[in-house]
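# Fold and geometry: a report
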Amino acid sequence: MKVLITGGAGYIGSHTTVELLEAGHEVVVVDNLCNGSEVALRRVEDITGKTVDFVCADIRDREAMDAVLAHHDIDAVIHFAGLKAVGQSVSQPLTYYENNVNGTLVLCQAMEAAGVRRIVFSSSATVYGSEAPVPYVETTPRGTTSNPYGTSKAMVEKVLEDLVEADERWSVALLRYFNPIGAHPSGKIGEDPQGIPNNLMPFIAQVAVGRRDELTIFGGDYATVDGTCERDYLHVVDLAVGHLKALKAVSERGVSVYNLGTGQGVSVLQMVNSFTRVTDVAVPYRVGARRAGDLPAFWADAAKAEKELGWVAGKSLDDMMADTWRWQSGNPEGYGG
Ligand code: NAD
Ligand code: UD1
């Protein structure tokens, strides 16, 4: 297949580009580089020995999207492009709705005009809201999201569902990611957050490499295994492979929704201990106050993706730690180093 990957210069997009190229697909990446790097794409070429067709453009630029779709005979789109910082979305809601929701509208309008009607969308477990029973299962309706980032994901899911409702030629896969971490086993590509990381794994990795003094664990008094929050961490390469499998789902019409997670909850303390056990590098930490908006514990029921797509998150927590460390220690300053 020839696949257009929006946001392909970012964390999950670059790993997915590798998997697609290695599986023999042709790939065109569109990214405006607001949070991605061309170096990542050069490293993808290094890993795969193949050339990445890259267009530096914004998905909100209709002319640019029309040109990409006119120039390439695209079979399906995997849509990663968007903004993802939860805290920033609270202070800049318009920016988030403009990028994530309007960006998707423009992309879909361009796809419709070009007759390309297959899309795989990066959604998030956050769409289940705060009241859903754990483990989260796809049949549970979307819940009340607590920040504009999460709301933008729920809104885009609804837009794509409505598109299928209106025109049965569309096919849509909504992939609800749990907590992707890790890096490609080559150590050449990985997560490279700008500024202070919001997410746990890059924070641990930056403490370990000496860029930050200590980790603050947000809350130690939750009703969980050890008082710290539990999440479902999955290896980014497994997640990337999930997209490859989802291309199968969008070759049939309609909407399909899949949780992509391991089905296991792991606590923050277990994460820190596991990182140190695997890498032999200490991570100084202190337990601080809870972070507003955090849920105590959630993980996926990932049975549907296994049954229908033949997908399982097979890599272990040890793999996630070892691969994160190979990337972070080899690239202490990320792509800018
Ligand atoms: P990322 O920021 O590394 O990648 C997103 C890419 O999209 C970046 O390269 C950025 O430059 C590009 N981009 C942003 N807005 C754009 C626009 N208007 N036009 C063109 N390119 C644009 O993020 P990621 O972690 O790889 O996440 C990819 C997708 O998965 C996002 O939609 C994110 O919301 C979603 N997601 C991520 C996680 C996670 O934990 N990383 C969890 C759930 C869902
Ligand atoms: C966060 C977002 C979620 C988004 C996901 C992936 C919030 C409330 N949720 O999920 O919408 O889809 O990222 O981008 O921001 N932790 C610490 N110290 C740190 C950082 C994190 O203790 O410095 C803890 C958190 O309290 C949480 C766990 O580690 O319990 C994981 O945090 P994080 O990586 O930010 O992911 P989520 O909060 O699950």
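Before reading on, note that the structure itself is shown above.
Our subject in this report is the structure included herewith. Given the structure is predicted, the values throughout are model-derived calculations rather than measurements.

### Structural notes on the site of ligand 2
Taken together, 18 residues form the shell around ligand 2, and within it Thr216, Phe218, Arg231, Arg291 and Asp294 come nearest. With respect to ligand 2, the side chain of Asp294 contributes an N or O atom lying 2.6 Å from an oxygen atom. For ligand 2, whose free accessible area comes to 730 Å², the fraction covered by protein is 88%. Here the shell around ligand 2 gets four residues from one element, more than from any other, and that element is strand β8 (residues 215-218). Tallied by class, residues from the shell around ligand 2 come to nine nonpolar, six polar and three charged.

### Describing the site of ligand 1
Ligand 1 sits among 27 residues. The nearest are Ile12, Asp31, Asn35, Phe80 and Lys84. The side chain of Asn35 places a nitrogen or oxygen atom 2.7 Å from an oxygen atom of ligand 1. Computed on the free molecule, ligand 1 has an accessible area of 810 Å², of which 95% lies beneath the protein chains in the complex. Among the elements that make up the shell around ligand 1, the one with the highest residue count is strand β5 (residues 118-124) (three residues). A breakdown of the residues in the shell around ligand 1 according to their chemical character gives twelve nonpolar, ten polar and five charged.

### Here we look at helix α9 (residues 268-279)
Compared with an ideal rise of 1.5 Å per residue, which puts twelve residues at 16 Å, α9 spans 17 Å between its outermost C-alpha atoms and is within 8% of the ideal. Of all the positions in α9, only Val268, Leu269, Met271, Val272, Ser274, Phe275 and Thr279 are classed as buried. Looking one or two residues past α9, Asp280 carries a phi angle of roughly 65°, positive in sign.

### Some words on the pattern of salt bridges
Throughout the structure, instances matching the rule amount to 19 salt bridges. We note a salt bridge from Asp46 to Lys188, for which the minimum N-O separation is 3.4 Å. With Asp46 in helix α2 (residues 38-48) and Lys188 in the loop between β7 (179-181) and α7 (200-208), this pair connects stretches of sequence that are 142 residues apart. Classification of Lys188 by relative accessible area gives partly exposed; the value is 30%. Of the charged contacts in the structure, one is a salt bridge between Arg169 and Asp167, with a shortest N-O distance of 2.9 Å.

### With respect to the sheet that holds β5
For sheets, the rule is that strands pair by backbone hydrogen bonds, running either parallel or antiparallel. Across the sheet, which stays open at both edges, the seven strands sit in the order β3-β2-β1-β4-β5-β6-β11 with parallel pairing between neighbours. Each of the sheet's edge strands pairs with one partner strand only, and the pair in question is β3 (53-56) and β11 (254-260). Going across the sheet, the axis of each strand differs from the next one's by a mean of 20°, ignoring polarity. Of the pairings in the sheet, the one linking strand β2 (residues 26-31) to β3 comprises four bridges and is parallel in character. Looking across to β3, one finds that Val28 is bridged to Asp53. In the packing of helix α6 (residues 148-166) onto the sheet, contacts are made with β5, β6 (171-177) and β11, and the angle to β5 comes to roughly 155°.

Here is what the cut-offs are and how they apply
Residues numbered from 1 in each chain as written. Chains lettered and ligands numbered in written order. Predicted model: local features only at pLDDT ≥ 70, side-chain atom pairs only at ≥ 80, totals over all residues. Heavy atoms only, no water. Near = heavy atom within 4 Å. Polar contact = N/O pair within 3.5 Å; in protein donor to acceptor, adjacent residues only side chain to side chain. Areas by Shrake-Rupley, 256 points an atom, 1.4 Å probe, with all protein chains shown as cover. Helix = DSSP H or I, 4+ residues; strand = E, 2+ residues; numbered from the N terminus. Nonpolar A, V, L, I, M, F, W, Y, C, P; charged D, E, K, R; others polar. Expected span 1.5 Å × (residues − 1). Buried < 20%, exposed > 50% of the residue type's maximum accessible area, 1.4 Å probe, protein only. Salt bridge = Lys/Arg side-chain N within 4 Å of Asp/Glu carboxyl O. Pairing = 2+ DSSP bridges. Axes fitted to C-alpha atoms, helices over the stretch in contact; angles between N-to-C directions. Contact = heavy atoms within 4.5 Å.

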